[in-house]
Amino acid sequence: MPIDPARLNFTEDGTPCSVAYGDVYHSHNGGLEQARHVFLGGNGLPGRWQGRASFTIVETGFGLGLNFLATWAAWRDDAQRCDRLHFVSVERHPFPREDLAILHARWPELASLAAELQASWPVLTPGFHRLHLDGGRVILTLLFGDALELTPELQCRSDAFYLDGFSPATNPELWSAGLLRELARLAAPGATLATWSVTGEVRRTLGELGFDCEKVAGFTGKREMLRARFGDAGDIAATDSPRHALVIGAGLAGSSIANRLAERGWTVDVIDAAAEPAQGASGNLSGVLRPLPSLDDNRLARITRAGALYGLRHLQRLSARGLPVRWDACGVLHLARDPMHEEKQRRVVEAQRAPGEYLRFVDRDEASRLAGWPLPLGGWWFSGGGWVNPPSLCRANLAAFPEAIRCHFGRGAAALDAGSGGWRALDAKGKLIAAAPVAIVANGVGIRQFPQAAALPVRSARGQVSHLPAQADSAPRVVVCRLGYVSPAIDGVRCAGATFSVNDEDPSLRVTDHRENLAKLDFILPGFAAGFDPARLDGRVGFRPASPDRLPMVGAVPSVRQADRASPLSSIPRHPGLYAVEGFGARGLVWAALAAELLASELAGDPLPLERSLVEALDPARYLLRPPRHTMSEE
């Protein structure tokens, strides 16, 4: 459902409140003090996270973000803090960034943390949003939407719970048995829970779900509050399991998973036959970063939205660290194919009520102004989208953690061998390149050479991009798409294309494909292709790993080729320690960062950054449960 942002309102004494729910966001006696007493104190923090590798908190009701800021501040002030703090919070009515800035100004002692949160604040679109703060040591996962719909989609093991919705009388859904049951599902052994509410029904339900509840002294004017524990803590000492992985491939998929694991403290050996990163399908001069909405907000639309937004934040983080990744959020104009499609695009925007900073419908005149070229129709305008130079992104991913990522270039992995110590990558002569307990295959169409991955229907899709001579600052200065794409001028070259030919292994540039790209260009920008001779154009050919259903394959590799289609995904046998990040097709820039974060989270035992249903939609074993859909179009 569309997100309805919270509105800024205050009671007579200046306490932030919600008119819709008829309740305040925090105690009249002080929000920060309430957060420290009820939620930190009620969960035994900071003591309980000390000495831990990671600690996860799940909150119902992000509100102003005050509980999060108070927790982050306490974590920073604790010399014995855990290595990584995960904070997961659901919010149906998030505040816009500018309103958060007004609200946070009330607590100057939190100014630096509040500023970092505001700078990373996501666009208000439905679903999961993952933010990496404090150098990647504090990870905030925001679930924007209905808690009753999104909490069942959450996969994590929570060490502590903050129950902080509006009162049960005004917002009963956040205190319902259904929601509390989901919290019990998420609870790690010994998890604690705290809330200011001592309602009898809440206490009884928690008790029935296995929480041992007790009333304790409340905050100032409130006599009591509730704290609870879920079972016994057991052994919570850090495990000594090795954090070491092989990654086969140094393109977008391989460099991204290496980056996400390295930030978690893993050692990663990256293996590629080429002399440097991004020499295969990821080697194009430019690619497009933008989502693909749909009227029914289907799986492809939701995953491309999540991927594009997370990918943009990833680029921003790399650039903020001074890594030379080349990209430009110049905007992407996705034009309608015909008047019927234009009306559908208009309806999508109206139905989803998307924030203007994410998606707008623009008519023909505005589209023409944005493109700098007369156009017959309007379409979607993604102001935050743009172009990215994939090789620079791959290099930046690897260079971000030089102490953790070891690159083995010029040595292709011809075979993978499983042994008692894990996986070994062998070259064509059978010599060992590197070994690790975990192996991740991310080498595009090259995955087909490994017998262990035979169950994955990865197909080769030949793509030819045409390079057009272009003057700097010439139109279009934004990316324009319409059954193809054309980029702004980059180093005197404009990219146009691209072809998409399945099971075509010809590596040479073809004049026929240049003609096809010029025809697409003329469809995008009528008359623009005139004067270009296809016989004299340069370009590039790459072979993309495509999946039958247009979704990537992210997760453990199945060890069988057939399964009972009535079986759950979790029951399908897998190769121990073998994973894949594959099938990106023509959307490598959209998928790469989020797919890598998803797999890295799974391997590290972190909260997953995507809804459970979407994670299952990306599982490589899905094809064993249903026939592959032969839908290979990439528009």
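A brief look at the structure comes next.

1. Digging into the sheet that holds strand 1 (residues 9-10)
Alright, step 1. Overall, antiparallel pairing links the three strands, which are arranged 1-2-3 in an open sheet. Two strands close off the open sheet at either side, each with one partner strand: strand 1 and strand 3 (23-24).
Alright, step 2. Taken together, the two bridges between strand 2 (residues 16-18) and strand 3 define a ladder with antiparallel strand orientation. When the sheet's bridge partners are listed, Cys17 is paired in strand 3 with Val24.

2. A closer look at the nonpolar core
Alright, step 1. Among the nonpolar cores identified, the biggest contains 77 residues, and Phe68, Leu140, Phe161 and Phe211 are the most heavily contacted of them.
Alright, step 2. Not counting the four nearest positions on each side in its chain, Phe161 is found in contact with Asn43, Val58, Leu183, Leu186, Ala187, Ala191, Thr192, Leu193, Ala194 and Phe211.
Alright, step 3. With 61 residues, the next largest nonpolar core counts Leu261, Leu589, Leu603 and Ala617 among its residues.

3. Here we look at the environment of Ala600
Alright, step 1. Turning to its location among the elements, Ala600 is positioned in helix 14 (residues 588-604).
Alright, step 2. Sequence separation between Ala600 and Arg406 is 194 residues, and the spatial gap between their C-alpha atoms is 17 Å.

4. Points about the pairing of strand 24 (residues 438-441)
Alright, step 1. Side chains Val438 and Ile440 project from strand 24 onto one buried face, and the interleaved Ala439 and Val441 project onto a second face that is buried too.
Alright, step 2. In this sheet, strand 24 lies alongside strand 12 (residues 244-248) in parallel orientation, the contact comprising four bridges. Residue pairing in the sheet places Leu246 in a bridge with Ala439 of strand 24.
Alright, step 3. Both strand 24 and strand 32 (residues 574-582) contribute to a ladder of three bridges, which runs parallel. The residue of strand 32 that forms the bridge with Ala439 is Leu578.

5. Here's the deal with the sheet that holds strand 4 (residues 54-60)
Alright, step 1. The eight strands are arranged 6-7-5-4-8-9-11-10 in an open sheet whose pairing can be described as mixed. In the strand order of this sheet, the two ends are held by strand 6 (127-133) and strand 10 (211-217), each with one partner. If you compare each strand with its neighbour and ignore which way they point, the axes differ by 15° on average.
Alright, step 2. Inspection of the sheet shows strand 4 paired to strand 8 (residues 158-163) by four bridges, in the parallel sense. Residue pairing for strand 8: Thr60 is matched across the bridge by Leu163.

6. Examining the environment of Val478
Alright, step 1. Here Val478 lies in the loop between strand 25 (459-469) and strand 26 (479-481).
Alright, step 2. Judged by relative accessible area, Val478 falls into the buried class, the value being 7%.
Alright, step 3. For the pair formed by Val478 and Leu206, sequence separation is 272 residues and the distance between their alpha carbons is 54 Å.
Alright, step 4. Residues contacting Val478, with those up to four places away along its chain left out, are Cys330, Gly331, Leu370, Ala371, Trp381, Val486 and Pro488.

About the criteria used
Residues numbered from 1 in each chain as written. Predicted model: local features only at pLDDT ≥ 70, side-chain atom pairs only at ≥ 80, totals over all residues. Heavy atoms only, no water. Pairing = 2+ DSSP bridges. Helix = DSSP H or I, 4+ residues; strand = E, 2+ residues; numbered from the N terminus. Core = buried A, V, L, I, M, F, W, Y, C linked by side-chain atoms within 4.5 Å. Buried < 20%, exposed > 50% of the residue type's maximum accessible area, 1.4 Å probe, protein only. Contact = heavy atoms within 4.5 Å. Axes fitted to C-alpha atoms, helices over the stretch in contact; angles between N-to-C directions.

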